Amino acid sequence: MHILDELRRGRAVDDRALVRIVNTQAKRDGAEKRAYAKRRLLPFYQRVRAEEPERWASWGVTPELERQLVAALRMKPRRSASGVATITVITKPWPCGSDCLYCPNDVRMPKSYLHDEPACARAEQNRFDPYLQVSARLTALAQMGHATDKIELIVLGGTWSDYPRAYQVWFVSELFRALNDGAVCGASANPRLSAGPVSAPDLTAAAAGLPEAVARRRARYEACGIFADAAELERTAAPVQAAVDAGELSYNRAHARLYGASSAWRAASAWQEADLAELERLQRENERARHRVVGLVIETRPDAIDPSSLELIRRLGCTKVQMGVQSTDQRILDTNGRGIDTARIARAFDLLRIFGFKIHAHAMANLVGATPEADRRDYLRLVTDRAYQPDEVKLYPCALIASARLDAYFERGEWRPYTEEELLGVLVDDVLATPAFCRISRMIRDFSSDDIKAGNKKPNLRQLVERRAAACGRPVREIRYREIGSADADPAELSLEEVAYETSNTRERFLQWVTPSGKIAGFLRLSLPDPAYVERHAAEFPVAAGEAMIREVHVYGTAARLHEADGSAQHLGLGRALVERACEIACAEGYRKINVISAVGTRGYYRALGFHDNGLYQRRDLS
Ligand code: SF4
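It is worth spelling out the pattern of salt bridges at this point. Here the structure, examined in full by the defined rule, presents 49 salt bridges. Between Asp162 and Arg301 there is a salt bridge, with the nearest N and O atoms lying 3.1 Å from each other. Of the two residues, Asp162 is situated in the loop between strand 2 (150–156) and helix 8 (165–181) and Arg301 in the loop between strand 3 (292–300) and helix 15 (307–315); the sequence distance between them amounts to 139 residues. Classification of Asp162 by relative accessible area gives partly exposed; the value is 29%. The buried category is assigned to Arg301, whose relative accessible area is 13%. Ionic pairing is found between Glu392 and Lys320, a salt bridge with its closest N-O pair at 2.8 Å. Remark: Lys320 occurs in strand 4 (residues 320–326) and Glu392 occurs in strand 6 (residues 392–397); sequence separation between them is 72 residues. A relative accessible area of 7% places Lys320 in the buried class. One connected set of salt bridges, linked through shared partners, spans Asp129, Glu174, Arg177, Arg217, Glu278, Arg281 and Glu285.

Once that is clear, we can look at unusual backbone geometry. Trans is the common state for peptide bonds, and a negative phi is the common state for residues other than glycine. Look at Asn366: it is not a glycine, yet its phi comes out positive at around 70°. Assignment of secondary structure puts Asn366 in the loop between strand 5 (358–365) and helix 18 (372–384). Phi angles above zero are rare outside glycine, and Gln389 is one such case at about 50°. Topologically, Gln389 is positioned in the loop between helix 18 and strand 6.

The subject of this paragraph is the site of the ligand. Taken together, the neighbourhood of the ligand is formed by Cys96, Ser98, Asp99, Cys100, Tyr102, Cys103, Lys111, Ser112, Arg301 and Arg338. Along the lines of polarity and charge, the residues of the shell around the ligand split into four nonpolar, two polar and four charged.

Time to look at the sheet that holds strand 1 (residues 85–90). Read across the sheet, seven strands follow the order 1-2-3-4-5-6-8 without closing on themselves; strand pairing throughout is parallel. With one partner strand each, in any of the chains shown, strand 1 and strand 8 (439–442) form the two edges of the open sheet. The sheet shows a mean angle of 25° between the axes of neighbouring strands, direction not considered. Examined bridge by bridge, strand 1 and strand 2 share six bridges and lie parallel to one another. Opposite Ala85, over in strand 2, you have Ile151 as the bridge partner.

Before going further, it helps to examine empty space enclosed by the protein. With the rule as written, the count across this model stands at two cavities of 30 Å³ or more. Considering only enclosed or pocket space, the largest cavity measures out at about 100 Å³ in volume. In this structure, the largest cavity is lined by 13 residues; those nearest its centre are Gln326, Ala363, Met364, Asp378 and Tyr379. Sorting the residues of the lining of the largest cavity by element identifies strand 4, strand 5 and helix 18 as the ones contributing at least two each. It is helix 18 that provides the largest number of residues to the lining of the largest cavity, a total of four residues. Classifying every residue of the lining of the largest cavity gives seven nonpolar, three polar and three charged. The residue inventory of the lining of the second largest cavity, partitioned by class, reads five nonpolar, three polar and no charged.

Okay, the packing of helix 11 (residues 230–245) against helix 12 (residues 251–260) next. Where helix 11 meets helix 12, the axes come as close as 10 Å, and the angle between the chain directions of the two elements is 165°. In this view, helix 11 runs roughly antiparallel relative to helix 12, as classed from their interaxial angle. The two elements helix 11 and helix 12 meet at a crossing, and its hand is right-handed. Within the contact between the two elements, helix 11 uses Thr236, Val240 and Val244 and helix 12 uses Ala254, Arg257 and Leu258. Residues belonging to the contact of helix 11 with helix 12 are distributed by class as follows: four nonpolar, one polar and one charged.

Chain-level statistics for the chain give a pLDDT mean of 88 and a share of 87% at 70 or above. Across residues 187–209, where pLDDT falls below 50, the model places 50 contacts with residues more than four positions away in sequence or in other chains. Considering only residues more than four positions removed or in separate chains, one finds that residues 558–567, a stretch of pLDDT under 50, has 33 contacts.

Here we take up helix 7 (residues 130–143). For helix 7, spanning 14 residues, the distance from its first C-alpha to its last is 20 Å, which sits close to the expected 20 Å at 1.5 Å a residue. If you check which residues of helix 7 are buried, you get Pro130, Tyr131, Leu132, Gln133, Val134, Ser135, Arg137, Leu138, Thr139, Ala140, Leu141 and Ala142. Positive phi shows up at Gly145, right after helix 7, with a value of about 90°.

So, about the side chain of Asp407. Looking at the secondary structure, you find Asp407 in helix 19 (residues 406–411). For Asp407, the contacting residues outside a window of four places in its chain are Leu400, Ala402 and Lys453.

Below, the discussion takes up helix 15. Of all the positions in helix 15, only Pro307, Ser309, Leu310, Leu312, Ile313 and Arg314 are classed as buried. Buried-residue contacts for helix 15 involve helix 8, helix 14 (276–286), strand 3, helix 17 (342–354) and strand 16 (617–621). Capping of helix 15 at its N-terminal end is provided by Asp306; its side-chain oxygen lies 3.1 Å from the backbone amide nitrogen of Ser308. Of the residues one or two after helix 15, Gly317 is the one with positive phi, at around 105°.

Tracing the sequence through the fold places Arg581 in helix 24 (residues 574–588). Along the sequence, Arg581 and Leu511 sit 70 residues apart, while their C-alpha atoms lie 8.5 Å from each other. Setting aside its immediate chain neighbours within four residues, Arg581 contacts Leu496, Glu498 and Leu511.

A separate point is the environment of Ala365. Within the fold, Ala365 resides in strand 5. For Ala365, a relative accessible area of 4% gives the class buried. Between the C-alpha atom of Ala365 and that of Ser327, which follows or precedes it by 38 residues, the distance is 8.2 Å. Ignoring sequence-local partners within four residues, the contact set of Ala365 consists of Asp375, Tyr396, Pro397, Cys398 and Val426.

Basis of the calculations
- Sequence positions are assigned chain by chain, starting from 1 and proceeding in written order.
- Reporting in this predicted model follows two pLDDT cut-offs: at least 70 for local features of residues, and 80 or more for side-chain atom pairs to be given and counted; totals over whole chains, interfaces and linings ignore these cut-offs and use all residues.
- Think of the side-chain values as coming from all heavy atoms in the structure, minus any hydrogens and water.
- Here, a salt bridge means any side-chain nitrogen of Lys or Arg that lies within 4 Å of a carboxyl oxygen of Asp or Glu.
- Here a strand is any run of E in DSSP of at least two residues, a helix any run of H or I of at least four, and the numbering for each starts at the N terminus.
- Three exposure classes are used, based on accessible area relative to the maximum for each residue type with a 1.4 Å probe and protein chains only: buried under 20%, partly exposed in between, and exposed over 50%.
- Nearness of a residue to a molecule or strand requires only that one of the residue's heavy atoms be within 4 Å of it.
- Ten residues, namely Ala, Val, Leu, Ile, Met, Phe, Trp, Tyr, Cys and Pro, are considered nonpolar, four, namely Asp, Glu, Lys and Arg, are considered charged, and the remaining ones, Gly among them, are considered polar.
- Two strands pair under a simple rule: DSSP has to find at least two bridges between them.
- Here, axes are lines fitted to C-alpha atoms. For helices the fit covers the stretch in contact, and angles between N-to-C directions go from 0 to 180 degrees.
- As defined here, a cavity is a set of points on a 1 Å grid over the protein atoms alone where a 1.4 Å probe fits but cannot get out. A pocket is an open set with protein on both sides within 12 Å along at least five of seven lines, and residues line them when an atom is within 4 Å of a point.
- Grid points are joined across faces, edges and corners, and a volume is the space filled by probe spheres set on the points.
- Reported orientations rely on four angle classes, namely roughly parallel under 35 degrees, roughly antiparallel over 145, roughly perpendicular from 65 to 115, and oblique for the rest.
- Helix crossings are classified by the rotation of the near helix relative to the far one: an anticlockwise turn of less than a right angle makes the crossing left-handed, while a clockwise turn makes it right-handed.
- The contact criterion used throughout is that any non-hydrogen atoms of two residues lie within 4.5 Å.
- Think of pLDDT as the predictor's per-residue confidence, scored from 0 to 100.
- Under the convention used throughout, the expected extent of a helix is 1.5 Å for every residue step, that is, one less than its residue count.
- In protein, a polar contact requires one atom able to donate a hydrogen and another able to accept it; more generally it is a pair of N or O atoms within 3.5 Å, and residues adjacent in sequence count only if both atoms are side-chain atoms.

If you want it as structure tokens, here you go:
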């Protein structure tokens, strides 16, 4: 009530004011401050709103007041500050064709993940079921006060294309199904808080039907013999994990023992299948759903990328591909057991760009055989060489997890983590070397410090790096550092800049809206493929010579509702202006058509801009 009173008086309620109000209230009630922790306040409000209508009515909350309250109580506002709420889901444990030295071997997870990473713990609790994972995440996001009308789905886990095709289609179908159902559990099923305004029947359906759908699913796993009891999971996995840790069993053989030979997992696999017709029906439904998919990301290895795998990935609705590159130095790749050559990595970049995907590469510093100087050269090559140049990078320092083969190298003294000074030096130089069209999305893995035997344990590593980079007086151009975040953009002050660069098979134009202080309010990636290259591979590609490609359009602003004009950057026509400029450029460069790799939930937007559905993409004729 006191928070509402402050808001009614027109006072800003930031975190400091919130602490003050809460402390006063706790003192008055003789209660512990913990009982009024910020994370509890919004769920409390949601519960009263859903379950105690008279009490809620007595508070006199208008829609505007509610909007302010949700903004004040929103947890981790950065999570949706880029305009989109992200849901990360994990596929079930699966063998991997490689056995990289640094890769953890947690038998409860797909290779390279640890069961106590937050998304992994959620996945395991939900039996790696895509529907249940989305439902849990939608619920949590709603409880934290985030709008969930625009969702980016990030599918992590084993190498995507190594999973059976029918599993891939099923997994993605269930993601769409959960979003179409609005699978939010509990009091936060109130869609007014979690998404745009909906009708009373929608609200009733959401509140009444969905928890049952979730319960039915859980029961189905339990009928197969797959449970989520933490102690039971630990007990089952422990002897196999011990054998893996002792080097007696590989991850793949452990997987065969725990899952391949398990009647429970085989029974579940039998129904984890779907066909493309059902997926396409769910995708069409999602075009108008309350929670629309505005981006879908999968994770794979460069050697698993070929035209046919990309065609399927695209049909699933994918718009971005994450791939582990780690190094572009053949010696380092070989020393670390990557089992891939740099030509194959370069080919993956070529194919991804021609197919229109946004390319998100993982790069790792401090691998076996690396030095700080070699790492600087390696990263510089990744972000500037025509063969690579990713759109986004996860820049991780290598950290030793005891279950990785790297442990033996550490024990023999053949590998050591960089000192903090060495590591900061490398990362600062990497950040400064990153071009304006590239975004460094992360700098550490979600490993808990207990899991890290050697290597960086500081969760605020990125902050340390950025502070030092800013202090050195050279501009930081990478995108994440410059994002406008939740601050409103003044359209009169924005200017449209164009950054041109060349890759081995395209000319790229990165168009960006920037503020006078260099902040970025939106951007577009335009690819102009080399016609000769496309003609040479005509039989393999879904595009023809003379067709340009919009690979990404992103406009920042808080995750505003799709139908509301709220003054944030998403609604200022910045996206439309970017698209029109891209069409002008492509036309002037002699391209006759332009494709856009739209997400399912943005198809309507592009239709309104004159694009028509055309196979894997949406297309506009240029003249
Ligand atoms: S390819 Fe990826 S998942 Fe497989 S072993 Fe290497 S790092 Fe791990």
